[in-house]
Amino acid sequence: MLLVALNLRTAVTSLGALLDEIRDGLGLSGTMAGLVTTLPTIAFAGLGALTPWLVRRVAPARVLVVAMIVLAAGQVLRAATDSAWIFVLTSALALAGIAVANILLPMLVKQHFGHRTGLVTGAYTMALTLGTTVAAASAVPIAHAFGSWRAGLGVWAGLAAVAVLPWIPLALRTRTRAGARRATPTAAVAAPTRVRPARTRLGWAMAVYFGAQSLSGYAIMGWLAQLFRDAGYRPEAAGLLLAGVTALGVPIALLMPTLAARLATLRPLVLGLTTASALAYLGLAFAPHGAALLWVALLALGQGAFPLILTTIGLRARTAEGTVALSAFAQSTGYVIAALGPLMVGILYEVTGGWTAPIGFLLAALVVQTAAGMAIARPRYVEDE
């Protein structure tokens, strides 16, 4: 699970760090670049919703193996093309693998580590954050070392291939067991009760919170390096500042699930994260160069909303089946909302030629996030609604 988690954002942040070079190399307009940076949310929304259907028919380990192979193949293919539209399509292919793995991991944690949900969620979220950081920090140096942005994107396919290996034996064993069950007609397996988060207030509140925090997260991954470049930083320094957001997020990702699991209400965490994000956005709007490290630190703290909502998915369901249903609904619906983030930032940036309007948009999204966060703060379960 930790190896898989390392791969869940490398395809996104490596693109964000190299966005300027990719725009020049493929001739992307600002709107097209906004579409490319929006792809993660579109893919995660569409394919994430299919994951519960897949795991009801195919063993989760086998689904995960295919997802990681698709991720590796997509990253290789998009690094090799000279066509802007093929780049978009192969990026979508890579992100399809991530979309499925996004939904599977909370379910696997609930299934195998139900008594330590906070600890294991923190561990895999930390691994995810670490992969995000390494990709953002090293994509530009790798591209420069090999003389092409293609190397900075394509190298991460190797990490995805490595993540497949530990799952292959489990996938084969699962297939064997499934075949044995089918060969025994007397074996009766009770079908679990279907959980439908779309019919609950909790499900929708979770989806809105997930969507609003993902909107800001993907806007930051896609455009923060460009903001710092425009503020006068060299490309390498801008990439490192983007990496700083995720690097500082590593200890936050580890601690946030433990805190969330122990608190009687999540309101202090929700309000604290909102305050940090608001201060960071205001700083980026008015003094992006002078206090960049402070804004990076505050952004990292504010992005603690991501491990918070992942943990809350496990805390707001009683069963593994409820967890995967809530995870799929919150993430797939949330990513539909999140798709507005990078796209709107790209459009507003191109139209206005500056960062005031894009940051104002992110502040408005933060208000929505906070309202949804207050709604999910008190303990309750999706199965009860």
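Predicted model, so just to flag it, every value in this text is computed and none were measured. Throughout, residues of each chain are indexed from 1 in the direction in which the sequence is written. Residues qualify for local features only when their pLDDT is at least 70, as the model is predicted, and side-chain atom pairs are given and counted only at 80 or more; totals for whole chains, interfaces and linings, by contrast, use all residues. Remark: hydrogens and water are excluded; side-chain values derive from all non-hydrogen atoms of the structure.

A. Quick peek at the overall build of the protein chain. Helix and strand counts for the protein chain come out as 19 helices and zero strands. Its C-alpha atoms give the protein chain a radius of gyration of 20 Å, within 12% of the compact-globule value 21 Å for 385 residues. In terms of its C-alpha atoms, the protein chain occupies a principal-axis envelope of roughly 70 × 45 × 30 Å. Expressed as a percentage of its 385 residues, the buried residues of the protein chain come to 57%. Within the protein chain, contacts between residues separated by at least 24 positions form 83% of all contacts whose residues are at least 6 apart in sequence. Here the Shrake-Rupley method, with its probe set to 1.4 Å, supplies the accessible areas, and only the displayed protein chains count as covering residues. Accessible area for the protein chain stands at about 15300 Å²; split by element, carbon and sulfur atoms hold 69% of it. Secondary structure elements follow DSSP: runs of H or I of four or more residues count as helices, runs of E of two or more count as strands, with numbering from the N terminus. Atoms counted for the radius of gyration: C-alpha only. Globule rule: 2.2 Å times the number of residues to the power 0.38. Buried residues are those whose accessible area, probed at 1.4 Å on protein chains only, stays under 20% of the maximum for their type, while exposed residues exceed 50% and partly exposed ones sit between those limits. Contacts are assigned to residue pairs that have any heavy atoms within 4.5 Å of one another.

B. Spotlight on helix α12 (residues 201–230). Expected helix span is given by 1.5 Å per residue-to-residue step, counting one fewer step than there are residues. End to end, α12 covers 42 Å across 30 residues, agreeing with the expected 44 Å (1.5 Å per residue, within 8%). Maximal helix bending in α12 amounts to about 50°, located at W223. One fitted axis covers the seven residues ending at a residue, a second covers the seven starting there, and the bend at that residue is the angle between these axes.

C. Molecular detail of the confidence of the model for the protein chain. Mean pLDDT over the protein chain: 84, with 94% of residues reaching 70 or higher. pLDDT measures how confident the predictor is about each residue, on a scale from 0 to 100. Across residues 176–192, confidence stays below pLDDT 50; counting only partners more than four residues off in sequence or on other chains, it has one contact.

D. Summary view of the pattern of salt bridges. Criterion for a salt bridge: a side-chain nitrogen of Lys or Arg within 4 Å of a carboxyl oxygen of Asp or Glu. This structure, assessed with the given rule, holds five salt bridges. Here R150 ties to D82 by a salt bridge, and the two come within 2.4 Å at their closest N and O atoms. Of the two residues, R150 sits in helix α9 (residues 149–154) while D82 sits in the loop between α6 (60–80) and α7 (84–112), which places them 68 residues apart along the sequence. Taking the relative accessible area as the measure of exposure, D82 reaches 63% and is therefore exposed. Of the charged contacts in the structure, one is a salt bridge between R318 and D384, with a shortest N-O distance of 2.7 Å. Here R318 is found in the loop between α16 (305–315) and α17 (320–338), whereas its partner D384 is found in the segment after α19 (356–375), with 66 residues between them in sequence.

E. Examining the packing of aromatic side chains more closely. The rule is short: rings of Phe, Tyr and Trp, with Trp giving its six-membered ring, pair when the centres are within 6.5 Å, and they are stacked under 30 degrees, edge-to-face over 60, tilted in between. The full count for this structure, using the stated rule, is nine aromatic pairs. Centroid distance F87 to W149: 6.1 Å. Interplanar angle 80°. Geometry classified as edge-to-face. Highlighted residues: F87 in helix α7 and W149 in helix α9, separated in sequence by 62 residues. Its relative accessible area of 10% is what places W149 among the buried residues. Seen from their ring centres, F210 and Y335 are 5.0 Å apart, and the 85° between their planes marks the pair as edge-to-face.

F. Here's a closer look at a nonpolar patch on the surface. Within the patch definition used here, like charges are joined within 9 Å and nonpolar side chains (Val, Leu, Ile, Met, Phe, Trp, Tyr) within 5 Å, considering only residues with over 30% relative accessible area and no salt bridge. Judged by side-chain polarity, L254, L255, L259 and L263 come together as a nonpolar surface patch covering roughly 330 Å² of accessible area. Position of L255 relative to the elements: it lies in helix α13 (residues 235–262).

G. Representation of empty space enclosed by the protein within the structure. Cavity: a set of points on a 1 Å grid over the protein atoms alone where a 1.4 Å probe fits but cannot get out. Pocket: an open set with protein on both sides within 12 Å along at least five of seven lines, its lining residues, like those of a cavity, having an atom within 4 Å of a point. Grid points are joined across faces, edges and corners, and a volume is the space filled by probe spheres set on the points. Applying the stated criterion across every chain, the model contains seven cavities of 30 Å³ or more. Space inside the largest cavity adds up to approximately 310 Å³. Contributing to the lining of the largest cavity are 22 residues, with T129, M221, T246, Q303 and F306 lying nearest its centre. Under the scheme applied, nonpolar residues are Ala, Val, Leu, Ile, Met, Phe, Trp, Tyr, Cys and Pro; charged residues are Asp, Glu, Lys and Arg; polar residues are all the others, including Gly. Of the residues in the lining of the largest cavity, the class split is eleven nonpolar, ten polar and one charged.

H. A look at the packing of α6 against helix α10 (residues 156–164). The convention used is that axes are lines fitted to C-alpha atoms, helices contributing only their stretch in contact, and that angles between N-to-C directions extend from 0 to 180 degrees. Close contact between α6 and α10 brings their axes to 8 Å; oriented N to C, the two are set at 165°. Judged by the inter-axis angle, α6 sits roughly antiparallel to α10. Classified by chirality, the crossing of α10 by α6 is left-handed. Contacts from V65, M68, I69, L71, A72, Q75 and V76 in α6 reach W156, A157, A160, A161, A163 and V164 in α10. For the contact of α6 with α10, a count of residues per class yields twelve nonpolar, one polar and no charged. Angle categories are assigned with fixed cut-offs, so that under 35 degrees is roughly parallel, over 145 is roughly antiparallel, 65 to 115 is roughly perpendicular, and the rest are oblique. It is the rotation of the near helix from the far one that decides the hand of a crossing: anticlockwise by less than a right angle makes it left-handed, clockwise makes it right-handed.

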